[in-house]
Structure formats: C-alpha cells, structure tokens
Amino acid sequence: RVRSSAASDVYKRQDFISRLTKLLPLLYTQARMLPEIEELDDYGMLENPVTEDDYNFILDKATNVLGRHNDYLEVFVEDMRYSEEPIICHIAEGLADIYQDLRNCAAIYERGIEEHMYEALYNCMENFKLYWGQTLLNILRALHHIEFASLTDDEFDDFNEGEADFNYEEAVSYTHLTLPTIL
C-alpha cells in the first residue's frame, strides 16, 4: 500500500516523537548518574566543534518533522512570573541546543587530550544543571502531551496506526500549574 505524503509526514512525526520520548529520559538519567565534577581553577577557551550550519541543520530537520507541533508554552522560565503574555518555546530549538552542547563535549572528548576532556565534561554538566536539563524535561513534557494527552480515543488509535493527521492548532499550555516558591 502506498502512503500519501501527508500520511508519510505523520508517520515520520510519530516515529520521531516516539523515539524522543524514549531517548530523552535515558539521557537525563545518564547525566544525573555522572559523578560531581570539581570546579576548574583554570579555564581554557575550548573550541566548539559544532558550527552554526550544524546547529541549523538539526534545527531545520526537527522543525520540518514536528511541523505545527513544534511550539509549546513554557512555565518554567523566570520571566513567566512577571509576564501577562505566554512564553512560546520550540521543541526543535531545544533539541538543537541540547545536541550542540553534547556534540561539542563528545567531539572534544574524541581528541583524547585529558585536560580538554575534563573541561568539556565540566562545561557540559554545568550547562546541564543550568540549562539543558530543564530544557530536556520541558521538551519531554510537551512531547508526551503531543503523543498522548492531546488525542481522543479514536485519534489515539489512528495515531498508533500511523494514519492520523489530527488537528493540534494550539500550543500546549501549562499555565494552570503553579510553581512552588522558596521563602
């Protein structure tokens, strides 16, 4: 049976989302299991092997696959507390940011220069703590909603069969959640 272009796009999106919802939790867990790395006394200026073209390639591919499902509303941003406007984030951009940090670390590690390896790992883990760990979780939350929560029973059956092109016009909203405040 020949699939239409729209059905093929839906299948690619479903497969991409399914893989990410399985891979991202493992990536988060593995990052959390790494031992704490002591702060460096002397920082060098490590070259970042990932180019702007590499970043844009990942960004464009993910954006094209996700289509209208790329946007979600963010609540775990400090600016959200003071904003009346929703803060829209993009799954593809978050994935490209995570890729960039991990690929930079891996490329430096592959060179085998011990001082650079330690610094690359330290930088990657600091970025995990400060940025991409939370980004990963936010993306996972949005992907979970796209894969499961936004579907009716019939749409869910169609989604699992690779035939649905369900309507998901609005970005995922989590504004009903309240964040705990630390006093």
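Bear in mind that the values here come from a model prediction, so they are computed numbers and not experimental data.

Draft legend 1. Representation of the overall build of the chain. The secondary structure content of the chain amounts to five helices and two strands. Going from N to C terminus, the chain has its helices and strands arranged as α-α-β-β-α-α-α. Within the chain, buried positions represent 36% of all 183 residues. Carbon and sulfur atoms provide 52% of the accessible area of the chain, an area that totals close to 12,000 Å².

Draft legend 2. Region of the structure containing helix H3 (residues 91-111). The end-to-end C-alpha separation of H3 is 31 Å, in line with the 30 Å expected for 21 residues at 1.5 Å each. Along H3, the positions that sit buried rather than exposed are Ile 91, Ala 92, Gly 94, Leu 95, Ala 96, Asp 97, Ile 98, Asp 101, Asn 104, Cys 105, Ala 107 and Ile 108. Buried positions along H3 lie against helix H1 (5-33), helix H2 (52-66), strand E1 (71-74), strand E2 (87-90) and helix H4 (114-149). Immediately beyond the C-terminal end of H3, within one or two residues, lies Gly 112, with a positive phi of roughly 80°.

Draft legend 3. Quick look at the pattern of salt bridges. Summed over all chains, the structure comprises six salt bridges. Residue Arg 19 is joined to Asp 15 by a salt bridge in which the shortest nitrogen-to-oxygen separation is 2.9 Å. Taken together, the positions of Arg 19 and Asp 15, both in helix H1 and four residues apart, correspond to about one turn of that helix. For Asp 15, a relative accessible area of 29% gives the class partly exposed. Each of the salt bridges in this network shares a partner with another, and the network as a whole consists of Glu 36, Glu 126 and Lys 129.

Draft legend 4. Summary view of a negative patch on the surface. Side chains of Glu 38, Glu 39, Asp 41 and Asp 42 sit close together on the surface and give a patch of like negative charge. Note on placement: Glu 38 falls in the loop between H1 and H2.

Draft legend 5. Broad picture of the environment of Asn 138. Mapped onto the secondary structure, Asn 138 falls in helix H4. A relative accessible area of 5% means that Asn 138 is categorised as buried. As for Asn 138 and Ile 91, which are separated by 47 residues in sequence, their C-alpha atoms are 8.6 Å apart. The contacts of Asn 138, once residues within four sequence positions are left out, are Tyr 72, Glu 74 and Phe 76. A polar atom in the side chain of Asn 138 sits 2.8 Å from the side chain of Glu 74.

Draft legend 6. Seen up close, the packing of aromatic side chains. Counting across every chain of the model gives two aromatic pairs. With a centroid separation of 5.2 Å and an interplanar angle of 50°, the aromatic rings of Tyr 28 and Phe 128 are classed as tilted. A residue pair is termed long-range when its members are at least 10 positions apart, and Tyr 28 in helix H1 and Phe 128 in helix H4 qualify at 100 residues. Note on Tyr 28: relative accessible area 25%, which makes it partly exposed. Ring centres of Phe 128 and Trp 132 lie 4.9 Å apart, and the angle between their planes is 70°; on these two criteria the pair is classed as edge-to-face. You can see Phe 128 and its partner Trp 132 sitting in helix H4, four residues apart, about one turn around the helix. In this structure Phe 128 comes out as buried when scored by relative accessible area, which is 6%. Grouping aromatic residues by their ring pairs yields a cluster made of Tyr 28, Phe 128 and Trp 132.

Reading guide: rules and limits
Starting from 1, residues in each chain are numbered consecutively following that chain's sequence as written. Where local features are concerned, this predicted model is filtered to residues with pLDDT of at least 70; where side-chain atom pairs are given and counted, the filter is 80 or more; whole-chain, interface and lining totals use all residues. Water and hydrogen atoms play no part in the side-chain values, which are based on all heavy atoms of the structure. Elements are defined by DSSP. Helices are runs of H or I of four residues or more, strands are runs of E of two residues or more, and each kind is numbered from the N terminus. Any residue under 20% of the maximum accessible area for its type is buried, any over 50% is exposed, and the rest in between are partly exposed; the area is computed with a 1.4 Å probe on protein chains only. Note on areas: Shrake-Rupley with a 1.4 Å probe; residue coverage comes only from the protein chains shown. A helix is expected to reach a length of 1.5 Å times the quantity of its residues less one. Two residues form a contact once any of their heavy atoms are found within 4.5 Å. Salt bridges are counted wherever a side-chain nitrogen of Lys or Arg sits within 4 Å of a carboxyl oxygen of Asp or Glu. Residues qualify for a patch when their relative accessible area is over 30% and they have no salt bridge, like charges being joined within 9 Å and the nonpolar side chains of Val, Leu, Ile, Met, Phe, Trp and Tyr within 5 Å. Positive charge is attributed to Lys and Arg, negative charge to Asp and Glu, and no charge count is given to His or to the chain ends. Every charge is mapped onto a representative atom, which is NZ of Lys, CZ of Arg, CG of Asp or CD of Glu. For this analysis, a polar contact is any N or O atom pair within 3.5 Å, provided that within protein one partner can donate a hydrogen and the other can accept it, and provided that sequence-adjacent residues contribute only side-chain to side-chain pairs. Only Phe, Tyr and Trp rings are paired, with Trp represented by its six-membered ring, and only when their centres lie within 6.5 Å; those with planes under 30 degrees apart are stacked, over 60 edge-to-face, the remainder tilted.

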